[in-house]
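Inside the fold
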Amino acid sequence: QRWLQNHLFGINTNLIYSPGSTTRVHWGAGISRYLGQHFGIVKGIEFPNYNNQNLPKEYYRSSGNKTDASTFVKMDQSITNNLYAYADLQLRYVIHTGIGNDNDLLDINFQGEFLFFNPKVGLNYQIEKRFFSHLFQTSFSVGNREPARSDFTDNIQSQIPKPETLYDYELGYTLTSSKGSRASVNLYYMDYKNQLVLTGAVNDVGTPLRKNIDLSYRRGLELEVSQILINKQDANKVKLEIFGNANFSENRIVNNTASW
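Now for a look at the structure at hand. (Residues numbered from 1 in each chain as written. Predicted model: local features only at pLDDT ≥ 70, side-chain atom pairs only at ≥ 80, totals over all residues. Heavy atoms only, no water.)

1. Considering the sheet that holds strand β4 (residues 83-101)
Spatial strand order, β1-β2-β3-β4-β5-β6-β7-β8-β9-β10: ten strands in an open sheet with antiparallel pairing. One side of each edge strand has no neighbouring strand; the edge strands of this open sheet are β1 (2-20) and β10 (239-253). Strand-to-strand twist across the sheet, computed as the mean angle between neighbouring axes with direction ignored, equals 15°. Strand direction decides the pairing type here: strand β2 (residues 23-42) and strand β3 (residues 57-78), joined by 20 bridges, are antiparallel. (Pairing = 2+ DSSP bridges. Helix = DSSP H or I, 4+ residues; strand = E, 2+ residues; numbered from the N terminus. Axes fitted to C-alpha atoms, helices over the stretch in contact; angles between N-to-C directions.)

Here it is as structure tokens:
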């Protein structure tokens, strides 16, 4: 039998400050500690003359511990009556260690230590007309993600996994009418560095395995429309709405050498 024994504890704190109607600042911080034990036991051996008094017996054990600490600050600011800006800045520190041996009795000894800066900035511009509302949106963000435990322990090519980095560019427009109709379009381009992608392989318990890809991207167009058909605000409060959406995308690995 293969077992897990996990403990997770931590603390989070938040502070929101609004000095005026046009400015809002949100600060937060948190830290968590994950303690994981992976072990296996033999419950019995089916031989008539075998002495099973000392069983169950542990045949492998390893630890996988992770500390995750982060702090962020978000700021929303109305520049004019129509123009609105926001910024979200996050600093995150992760250390992930594993030591011991696995169920195949191979040694586990890894340490991943990462310091990430994840910013996001954006602008919203809204125009209100008599029957229509126009909203223009644009944003840029950077996201980083660390490898998981299986990326360290199940990498058959003995390559140390790298964290992946995403640069996301988005541009959107939304049209809303006073008659209850709404239409939106959003363009996005997601540029990856060292993206962790599925290879199609799995380990002995079926967990999908991943590997780093040097350069890859996702780009596309998102469309959404909706129309309110019935909107009664009397005692019954009946609302009927029809909607639909579509996504057209291209997802490509720029260059990669695969082997089996």
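2. Quick notes on the nonpolar core
Counting six residues, the largest nonpolar core is built from Val94, Ile108, Phe110, Phe114, Phe116 and Phe152. It is strand β5 (residues 107-128) that provides the largest number of residues to this core, a total of four residues. Sequence-distant contacts of Phe110, defined by excluding residues within four places in its chain, comprise His96, Thr97, Gly98, Arg149, Phe152 and Thr153. (Core = buried A, V, L, I, M, F, W, Y, C linked by side-chain atoms within 4.5 Å. Buried < 20%, exposed > 50% of the residue type's maximum accessible area, 1.4 Å probe, protein only. Contact = heavy atoms within 4.5 Å.)

3. Quick word on a nonpolar patch on the surface
Together, Leu15, Trp27, Val73, Leu89, Leu91, Leu115 and Phe117 line one region of the surface with nonpolar side chains, adding up to about 650 Å² of accessible area. Assignment of secondary structure puts Trp27 in strand β2. (Patch = residues over 30% accessible without salt bridge, like charges linked within 9 Å, V, L, I, M, F, W, Y side chains within 5 Å. Areas by Shrake-Rupley, 256 points an atom, 1.4 Å probe, with all protein chains shown as cover. Salt bridge = Lys/Arg side-chain N within 4 Å of Asp/Glu carboxyl O.)

4. Description of unusual backbone geometry
Despite not being glycine, Leu105 has its phi angle at roughly 70°, a positive value. Tracing the chain through its elements places Leu105 in the loop between β4 and β5. Residue class for Leu105 comes out exposed when judged on its relative accessible area of 52%. Even without glycine at this site, Asn194 takes up a positive phi of about 60°.

5. Quick look at the pattern of salt bridges
Tallied over the full model, the rule gives ten salt bridges. The partner of Arg2 in a salt bridge is Asp204, with the nearest N and O atoms 3.0 Å apart. One end of the pair, Arg2, is in strand β1; the other, Asp204, is in the loop between β8 (181-202) and β9 (208-231), and 202 residues separate them in sequence. Linking Glu250 and Arg252 is a salt bridge whose minimum nitrogen-to-oxygen distance equals 3.9 Å. Overall, the relative accessible area of 45% leaves Arg252 in the partly exposed class. If you follow the salt bridges from partner to partner, you end up with Lys66, Asp68, Arg92 and Glu146 in one network.

In short, the description is geometric, and any link to function would need to be established separately.
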